[in-house]
Amino acid sequence: MEDKQELTLGKYSFQVKNRNRARGAVLLDTNEGPRLMREYERIQGHFAFENEVKERLAQRGMPLTDRVVYNIEGDPVTEWESGEKYVVYQWYYGDSCDYRSSQGLERAAENLGQLHKRLRGMSEEPVPMEENLFMRYERRNRELKRVYHFMKGKKRKNEFELCALSCYPEFFRKAEQAAEYLQKSVYWQKYGKETRDVCHGEYNYHNLIYTKKGIATTNFEHAHYGMQLMDLAYFLRKVMEKNAWQKEKGRAVLEGYRKEVEMGAEEYEFLWTVLFYPVKFWKLMSQYMNGKKSWISDKNMEKLVSVREKEEAKNKFLGETPNDHWS
């Protein structure tokens, strides 16, 4: 593998001064600045779409992304007869996003708003959503019912199952309410079926680098046509979970995003509904159902207890209904 890496690097104009392992990739210190090299088993069609998204951002004044570096032959992928495929990306020196810093979170949300504005109307014609959000909630709710009946039917229940059954009514009630709220959401009715806009798909603090020139946004592997507010909801949820749903952190995110994107009652109602859905509880139940039930890891038990403990703080942040002025 190392021989193929060396041969691959020989196909680029830069000179490597140093290298380090970095999350399944190789971080290169070169005479042209930092680069990141990844090996792929296969290159799917989404790879071209990612490059198109990054090029559009660069053309519209947002060049700090992990754009592909083309080799000396003008190809984005270096492929060998033995099957190995390598891609080199533009990378950046800088600091990671500190999710504990309100100022840093505000900057991150502002960066998301800038990204969204540049990715609006990327398709000339409306594109159908990959998955209907309401149908997703309905499917998840059916899964929760199956898990509940399975656990309830067991004669001998372990600690995890007893804890899950005790809090199930509250979380399932919220899951059903979220689906009901979504059906009534004006924003979802307008934009939930098709769109011309692109989302990052996994916008979180892991994918941001704070450089001297600004924030670099990376990892567009999940970019897709969709409702851009889903990016904001995902980022806000990840941030708030890490900060025990502290209101000041949520306000910082919303204030940062609003600097770039106007938000009204319809947007807040939709955002509230997405955050209201108990996604962490559903994930734990799904993992339980798809895993070995004879042994439950202590880590999963800790996660379930954490979800229960943080629910009160989440309720205080959101309020009881979408009409509450939680923003």
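Rules and cut-offs
Positions within a chain are numbered from 1, following the residues in the order the chain's sequence is written. Selection of residues for local features in this predicted model requires a pLDDT of at least 70, selection of side-chain atom pairs for listing and counting requires 80 or more, and totals for whole chains, interfaces and linings are taken over all residues. Heavy atoms from the whole structure form the basis of all side-chain values; hydrogens and water molecules are not counted. Here the term patch refers to residues with relative accessible area over 30% and no salt bridge, with like charges joined within 9 Å and nonpolar side chains (Val, Leu, Ile, Met, Phe, Trp, Tyr) within 5 Å. Each accessible area value is a Shrake-Rupley result obtained with a 1.4 Å probe; residue values ignore everything except the protein chains displayed when judging cover. Salt bridges are defined as contacts in which a side-chain nitrogen from Lys or Arg sits within 4 Å of a carboxyl oxygen from Asp or Glu. Under the convention used here, Asp and Glu are negative, Lys and Arg are positive, and both His and the chain ends fall outside the count. Charge positions come from single atoms, namely NZ of Lys, CZ of Arg, CG of Asp or CD of Glu. Only runs of H or I of at least four residues qualify as helices and only runs of E of at least two qualify as strands under DSSP, and these elements are numbered from the N terminus. The classification of residues rests on relative accessible area computed with a 1.4 Å probe and restricted to protein chains. Under 20% of the type maximum is buried, over 50% is exposed, and intermediate values are partly exposed. Two strands pair if DSSP finds at least two bridges between them. In a helix, the anticipated span is given by 1.5 Å times the number of residues less one. Residues are treated as being in contact if the distance between any of their heavy atoms lies within 4.5 Å. Think of each axis as a best-fit line through the C-alpha atoms, taken over the contacting stretch in the case of a helix, with angles from 0 to 180 degrees between the N-to-C directions. Centre distance within 6.5 Å is the pairing criterion for rings of Phe, Tyr and Trp, where only the six-membered ring of Trp is used; planes under 30 degrees apart are then read as stacked, over 60 as edge-to-face, and the remainder as tilted. The rule for a charge over a ring is simple: NZ of Lys or CZ of Arg within 6 Å of the ring centre, and within 35 degrees of the ring normal.

J.: Could you give an account of a positive patch on the surface, naming the residues involved and the relevant values?
T.: The grouping of Lys242, Lys280, Lys283, Lys299, Lys303 and Lys310 at the surface amounts to a positive patch. For the positive patch, the secondary structure elements donating two or more residues are α10 (279-290) and α11 (298-318). For the positive patch, the leading source of residues is α11, giving three residues. By the secondary structure assignment, Lys303 is in helix α11. Overall, the relative accessible area of 38% leaves Lys303 in the partly exposed class.

J.: Would you mind going over the pairing of strand β11 (residues 208-211) in detail, with residue names and values included?
T.: Side-chain alternation along β11 places Leu208 and Tyr210 on one buried face and Ile209 and Thr211 on a second face that is also buried. As judged from the two bridges shared by strand β7 (residues 95-96) and β11, these two strands associate in the antiparallel manner. Residue pairing for β11: Asp95 is matched across the bridge by Tyr210. Where β11 meets strand β12 (residues 214-217), four bridges bridge the pair, whose relative direction is antiparallel. Across the sheet, the residue bridging to Ile209 is Ala216, located in β12. If you look at the hairpin formed by β11 and β12, you'll find two residues sitting between the two strands.

J.: Explain helix α3 (residues 102-118) to me, using residue names and the numbers behind them.
T.: Its 17 residues give α3 an end-to-end C-alpha distance of 25 Å, which sits within 8% of 24 Å, the value for a rise of 1.5 Å per residue. Along its buried surface, α3 packs onto α2 (46-59), β10 (198-199), β11, β12, α7 (229-242) and α8 (247-258).

J.: An account of the sheet that holds β7 is needed here, citing residue identities and associated values.
T.: What the three strands build is an open sheet, ordered β7-β11-β12; its pairing is antiparallel. Of all the strands in the sheet, just β7 and β12 have a single pairing partner and so form its edges. On top of the sheet, α3 reaches β11 and β12; it is set at about 60° to β12, its chief contact.

J.: I'd like a description of the pattern of salt bridges, backed by residues and values.
T.: Applying the stated criterion across every chain, the model contains 20 salt bridges. A salt bridge links Lys154 to Glu161; the nearest nitrogen and oxygen atoms lie 2.8 Å apart. One salt bridge connects Lys174 with Glu311, and the closest N-O pair in it is separated by 2.6 Å. Of the two residues, Lys174 sits in helix α5 (residues 159-184) while Glu311 sits in helix α11, which places them 137 residues apart along the sequence. Like Glu311, Lys174 is buried. Several salt bridges converge on common partners, so that one network encompasses Glu131, Arg136, Arg139 and Glu143.

J.: Explain the packing of aromatic side chains to me, and be specific about the residues and the numbers.
T.: Scanning the model with the defined rule gives 17 aromatic pairs in all. Geometrically, the ring pair formed by Tyr99 and Tyr205 is tilted, given 5.1 Å between the ring centres and 45° between the ring planes. Note that Tyr99 is positioned in the loop between β7 and α3 and Tyr205 in the loop between β10 and β11, a separation of 106 residues in sequence. Looking at Tyr99, the relative accessible area reads 25%, which means it is partly exposed. Ring centres 5.3 Å apart and planes at 80° place the aromatic pair Tyr181 and Trp272 in the edge-to-face group. Here Trp272 lies in helix α9 (residues 265-276) and Tyr181 lies in helix α5, a separation of 91 residues in the sequence. Residue Tyr181 is classed as partly exposed on the basis of its relative accessible area, which comes to 22%. Following the ring pairs from residue to residue traces out a cluster consisting of Tyr148, Tyr168 and Phe172. Arg100 extends its terminal NZ or CZ atom over the ring of Tyr99, reaching a point 5.8 Å from the ring centre.

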